[in-house]
Amino acid sequence: MTAFDLLDVPAPAPLRVPSVHERTLPNGLRLLAARRTSTPLAEVCLSVPFAHADAAAAVLLAGGLCDDTGTQDRTRAMGGGLSAAVDADRLRIAGSVLADQLPAFFTLLGEVVTDPAYPAAEFAITVDGAVQSTIAVLASPAHHVAEALNTRMFGDHPYGAPGPRPADFARTTRDAVRALHAARVLPTGACLVLVGDFDPEAALDEAERALGGWRPGPATPMRRPGPWVPGRSVVDEPGVPQSLLRMALPIPRYDAPDYPALALAAMVFGGYFSSRLVQNIREDKGFSYSPRSALLHVAEADLATVSLDVITANTAAAVEEVAAELAGMADRPVTPEELDRARRYSVGTLRLRLATLTGLAATLCELDLHRLPVGWLGGHDARLAAVTPDEVTAAARTYLAPGNAVTVLLCDERRAHPASSW
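Each residue is numbered by its place in its chain's sequence as written, counting from 1. Since the coordinates come from a predicted model, pLDDT governs what is reported: local features require at least 70, and pairs of side-chain atoms require 80 or more to be given and counted, while whole-chain, interface and lining totals use all residues. Side-chain calculation: all heavy atoms of the structure are included, whereas hydrogens and water are not.

A. Here's a closer look at the overall build of the protein chain. In terms of helices and strands, the protein chain carries 16 helices and 11 strands. The quantity called the radius of gyration is restricted to C-alpha atoms. Its globule counterpart is 2.2 Å times the number of residues to the power 0.38. Over its C-alpha atoms the protein chain spans a radius of gyration of 23 Å, differing by no more than 12% from the 22 Å that the globule rule assigns to 422 residues. For the protein chain, the spread of C-alpha atoms along the principal axes amounts to about 60 × 55 × 35 Å. Under the scheme applied here, a residue whose accessible area is under 20% of the maximum for its type counts as buried, over 50% as exposed, and between as partly exposed, the area being computed with a 1.4 Å probe on protein chains only. A buried classification covers 48% of the 422 residues belonging to the protein chain. Put simply, DSSP H or I for four residues or longer makes a helix, DSSP E for two residues or longer makes a strand, and each gets a number counted from the N terminus.

Below, the structure written as structure tokens:
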């Protein structure tokens, strides 16, 4: 019996791992290029290490990096767009253009990373936009509980720091952003991913011509977080109409021997619509529309997460059910049917992701961030196919035990009575 005999649908075709051409420039910039001829486009993603940067200045740097009118006009003339975003680990500059415009796009990208304009008038607009969007975000209970969970997990580590406040943006000067750019937007440890309808080696040559003169400098690696301390806490927010439960548990890296079993355990627990968590919390109990679980990997932390929004009256009961489902992953062994459905879903979603230019580029960036070779993708199906139900249960017992979790519940404490579920 194969992994796909239990369902009356054809097994998927073997996974076709793209051929990726690789090159590392003398300045430390790593280049990855893969050809996809489905559309006459090219997807470009530049990922630059950005750990331990001032958060407000980093957000304004990303916001202002590509937003000046001249840059956007030039990008649109190439049939595409350019944007930037930043988190605690990386600055990412991404764009999509007509494939025959790649040489011109690389020239523009070289200017953006080495000599950005940050025009004064447009920088003021960037600051105002950051202030206004932050005011909106800070009004959201979902943001409050996310910050509380991160702080509870990571303390004074950058992963645990609250996001910038409006006042932080207001006092960050254009000179401070330009200084941060000069100090931290460097090719050292950076990776440029190219996917599209082009000759890969020719594209790498063009990228090297445009970016080979980008001057390197010292990289700042993200430090490891402190020890994991499980525990529960309540954020009291009087008047909030729903209770928001967030949980996180530490898990191993992608390349751990038992990671495939854990990935399937997490899928069976709450990773897709047919999971135990969804069937219990949504279909059977009607407590929440979209309970969910996911595996999250950043540069120096690997987590299994659980998320649930529930009306106040059902808070205690819903929290108890989530804990029971986590414990049940060890107490109620995963069946062959559950394992087969989870495996099929995992196999299919990777194929869907790799089928698009954006998905393939994002996957290659993810592999680079976690120092995994491109060939690691080729073993994906085999690793999942080799997992047994007993191995899934063992991984769940090791990594998904409720006692290992950091749990934060945001609620109207007077009305939700969360203590009864603790």
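B. Broad picture of the sheet that holds strand 2 (residues 30–35). Two strands are said to pair when DSSP picks up at least two bridges between them. Taken in spatial order, the 6 strands line up as 1-2-6-3-5-4 in an open sheet, and their pairing is mixed. Here the strands that pair on one side only, and so sit at the sheet edges, are strand 1 (20–24) and strand 4 (81–86). If you compare each strand with its neighbour and ignore which way they point, the axes differ by 15° on average. Examined bridge by bridge, strand 1 and strand 2 share 5 bridges and lie antiparallel to one another. The residue of strand 2 that forms the bridge with Thr24 is Arg30. A contact between two residues is defined here by any heavy atoms of the two lying within 4.5 Å. Here an axis means a line fitted to C-alpha atoms, over the contact stretch when the element is a helix, while the angle between two N-to-C directions is reported on a 0 to 180 degree scale. Here helix 1 (residues 55–65) sits on the sheet and contacts strand 4 and strand 5 (90–98); the angle it forms with strand 4, its principal contact strand, is near 180°.

C. Local environment of the sheet that holds strand 11 (residues 406–411). Across the sheet, which stays open at both edges, the 5 strands sit in the order 7-11-8-10-9 with mixed pairing between neighbours. The sheet is open, and its two edges are formed by strand 7 (231–236) and strand 9 (292–298), each paired on a single side. Across the sheet, the mean angle separating the axes of adjacent strands is 20° when strand polarity is ignored. Bridging between strand 7 and strand 11 involves 6 bridges; their strand directions are parallel. Across the sheet, the residue bridging to Ser233 is Val408, located in strand 11. Sheet contacts for helix 11 (residues 315–331): strand 8 (242–250), strand 10 (301–311) and strand 11; angle to strand 10, the most-contacted strand, approximately 145°.

D. Representation of the packing of helix 9 (residues 259–271) against helix 15 (residues 389–399) within the structure. It is the contact of helix 9 with helix 15, at a shortest axis distance of 8 Å, that shows an interaxial angle of 85°. Compared by their axis directions, helix 9 and helix 15 come out roughly perpendicular. Contact residues: helix 9 offers Ala261, Leu262, Leu264 and Ala265, while helix 15 offers Glu391, Val392, Ala395, Ala396 and Tyr399. In terms of residue class, the contact of helix 9 with helix 15 is made up of 8 nonpolar, no polar and 1 charged. An angle counts as roughly parallel when it lies under 35 degrees, as roughly antiparallel when it exceeds 145, as roughly perpendicular when it falls between 65 and 115, and as oblique in every other case. Residue polarity follows a fixed list, in which Ala, Val, Leu, Ile, Met, Phe, Trp, Tyr, Cys and Pro are nonpolar, Asp, Glu, Lys and Arg are charged, and the others, Gly among them, are polar.

E. Spotlight on the packing of aromatic side chains. Here a pair means two rings of Phe, Tyr or Trp (six-membered ring of Trp) with centres within 6.5 Å. Their orientation is stacked below 30 degrees between planes, edge-to-face above 60, and tilted elsewhere. The tally for this structure, following the rule as stated, stands at 4 aromatic pairs. Measuring from ring centre to ring centre gives 5.4 Å for Tyr254 and Tyr259, while their planes differ by 65°; the resulting arrangement is edge-to-face. Its relative accessible area of 19% is what places Tyr254 among the buried residues. Residue classification places Tyr259 among the buried residues on the basis of a relative accessible area of 8%. Between the aromatic rings of Tyr272 and Tyr345, the centroid separation amounts to 4.8 Å while the plane-to-plane angle is 40°, which identifies the pairing as tilted. With Tyr272 in the loop between helix 9 and helix 10 (276–284) and Tyr345 in helix 12 (residues 336–354), this residue pair connects regions lying 73 residues apart in the sequence. On the basis of relative accessibility, which here comes to 11%, the residue Tyr272 falls in the buried class. A network of ring pairs unites the aromatic residues Tyr254, Tyr259 and Trp376 as a single cluster.

F. Structural view of the nonpolar core. Counting residues in each nonpolar core, the largest one holds 63 residues, and the members touching the most others are Val193, Val195, Val322 and Leu364. Here the element with the most residues in this core is helix 9; it accounts for 9 residues. Contacts of Leu364, omitting those with residues within four sequence positions, involve Val20, Leu32, Val193, Val195 and Val374. Side-chain atoms within 4.5 Å link the members of a nonpolar core, which is a set of buried Ala, Val, Leu, Ile, Met, Phe, Trp, Tyr and Cys residues.

G. How the structure looks around helix 13 (residues 357–369). Between its first and last C-alpha atoms helix 13 spans 18 Å; for 13 residues at 1.5 Å apiece the expected length is 18 Å, and the two agree. When you tally the buried positions in helix 13, you get 10 out of 13 residues, the bulk of the element. The complete set of buried residues in helix 13 reads Leu357, Gly359, Leu360, Ala361, Thr363, Leu364, Cys365, Leu367, Asp368 and Leu369. For helix 13, the secondary structure elements touched by its buried residues are strand 1, strand 2, strand 3 (41–49), strand 5, strand 6 (191–196) and helix 12. What a helix should span is 1.5 Å times the count of its residues minus one.

H. Region of the structure containing the packing of helix 9 against helix 11. It is the contact of helix 9 with helix 11, at a shortest axis distance of 10 Å, that shows an interaxial angle of 150°. Between helix 9 and helix 11 lies a crossing whose hand is right-handed. Residues Ala265, Val268 and Phe269 of helix 9 lie in contact with helix 11, whose contacting residues are Val322, Glu325, Leu326 and Met329. Class assignment of the residues belonging to the contact of helix 9 with helix 11 gives a composition of 6 nonpolar, no polar and 1 charged. Should the near helix be turned anticlockwise from the far one by less than a right angle, the crossing is termed left-handed; should it be turned clockwise, right-handed.

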